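For reference, the chains in residue letters:
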Amino acid sequence: MKKSVNTDTFLISLYLCLFCVILLSKRSRAAHFQYEACLPTNCSSGGPNISFPFYIPGRQEPYCGYPGFELNCSESGFPVLELSENEYVVEDIFYGNRSLHVYNAAVSRSGGSSCLPRIRNTTLPPSQFGYVSSTSSLRLFSNCREPLRGELSRFVVGCEGSEDEKIWELALNNNDTDEKNQMSIAMEECGENVIAPVESFGIIGNNINNNGKMVNITEILRKGFLMNWIASDCTTCEDSGGRCGFNSSTFHFRCFCPDRPHSRSCKPRKI
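Residues numbered from 1 in each chain as written. Predicted model: local features only at pLDDT ≥ 70, side-chain atom pairs only at ≥ 80, totals over all residues. Heavy atoms only, no water.

Caption draft 1: Seen up close, the pairing of strand β9 (residues 225-229). Burial of β9 is one-sided: the residues Phe225, Met227 and Trp229 facing one way are buried, the residues Leu226 and Asn228 facing the other way are not. In terms of strand pairing, strand β4 (residues 99-104) meets β9 through four bridges, oriented antiparallel. Across the sheet, residue His101 finds its bridge partner in β9, namely Leu226. Pairing of strand β5 (residues 129-131) with β9 involves three bridges; the strand directions are antiparallel. By the bridge assignment, Gly130 is partnered in β9 with Asn228. (Buried < 20%, exposed > 50% of the residue type's maximum accessible area, 1.4 Å probe, protein only. Helix = DSSP H or I, 4+ residues; strand = E, 2+ residues; numbered from the N terminus. Pairing = 2+ DSSP bridges.)

See below:
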């Protein structure tokens, strides 16, 4: 009887050992959960891939991105970045040179109207984003006194909508020194103005009609502009097979690897 008990005990111990070996083997083959969680994703098949420093809440964990780089998916299937009360549709992300191409989402909601939508001044957080050298700006004016002084009639925004849609009355090149005098007059004559970033005015030069009036302003805004971003460099981690992330508690960059998180890159496997 005693021999049978010892045999049963031995078999149970053996089965437990085998179970532990199998369990540990499976766990060793499974990638670390943070590495799995930070798989690049997108809002749609036509949108850009989203990875560090950006992340999409609900699809990626906050530790997969850098603080302040949260994106949300729009109905159009493209990610949206919110900056100073403006929403910008992210059309493309260039991870190689840390830049992204965006345009104001209000333009896409204008329904094809020739009238400019209501937009606000954009202030980029300097620790996160900056304009590239090819980015210029329009200054838009509203609530202007009639009749217009000087040559301001050259800068009237064409709008075929209702009176309620005629928000912005004038559009001037904010970086053109030749228009400096007219800009000063507009600042005196108009009650409200905002600055809208756009691509270089080499493009806008093609949008002047025979009367010298700027046209296709909505189209100019829809073309968008480029921005640079400032965040931890992900190159070393990605080159080592890792996925970049961030520890918001310690405010340190993390490289999530199949085995575990590392500080900068995945350690090479031992042969």
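Caption draft 2: Spotlight on the nonpolar core. By size, the foremost hydrophobic cluster in this structure holds 29 residues, and its most contacted members are Phe54, Leu81, Leu100, Phe129, Met227 and Trp229. Breaking this core down by element, the ones donating at least two residues are β2 (79-83), β3 (86-94), β4, β9, β10 (243-247) and β11 (252-256). With sequence-adjacent residues up to four places away left out, Leu81 is seen in contact with Glu70, Leu71, Asn86, Glu87, Tyr88, Val90, Leu100, Phe129 and Met227. Judged by nonpolar contacts, the second largest core, of 15 residues, contains Ala106, Val107, Ile119 and Ala196. (Core = buried A, V, L, I, M, F, W, Y, C linked by side-chain atoms within 4.5 Å. Contact = heavy atoms within 4.5 Å.)

Caption draft 3: Structural detail: the sheet that holds β11. As summarised here, the arrangement of the three strands in space is β10-β11-β12, forming an open sheet in which the pairing is antiparallel. The open sheet has two free edges, formed respectively by β10 and β12 (261-262), since each of these has just one partner strand. Sheet topology places β10 next to β11; five bridges connect them, and they run antiparallel. Each bridged residue has a counterpart across the sheet, and for Cys244 the counterpart in β11 is Cys255.

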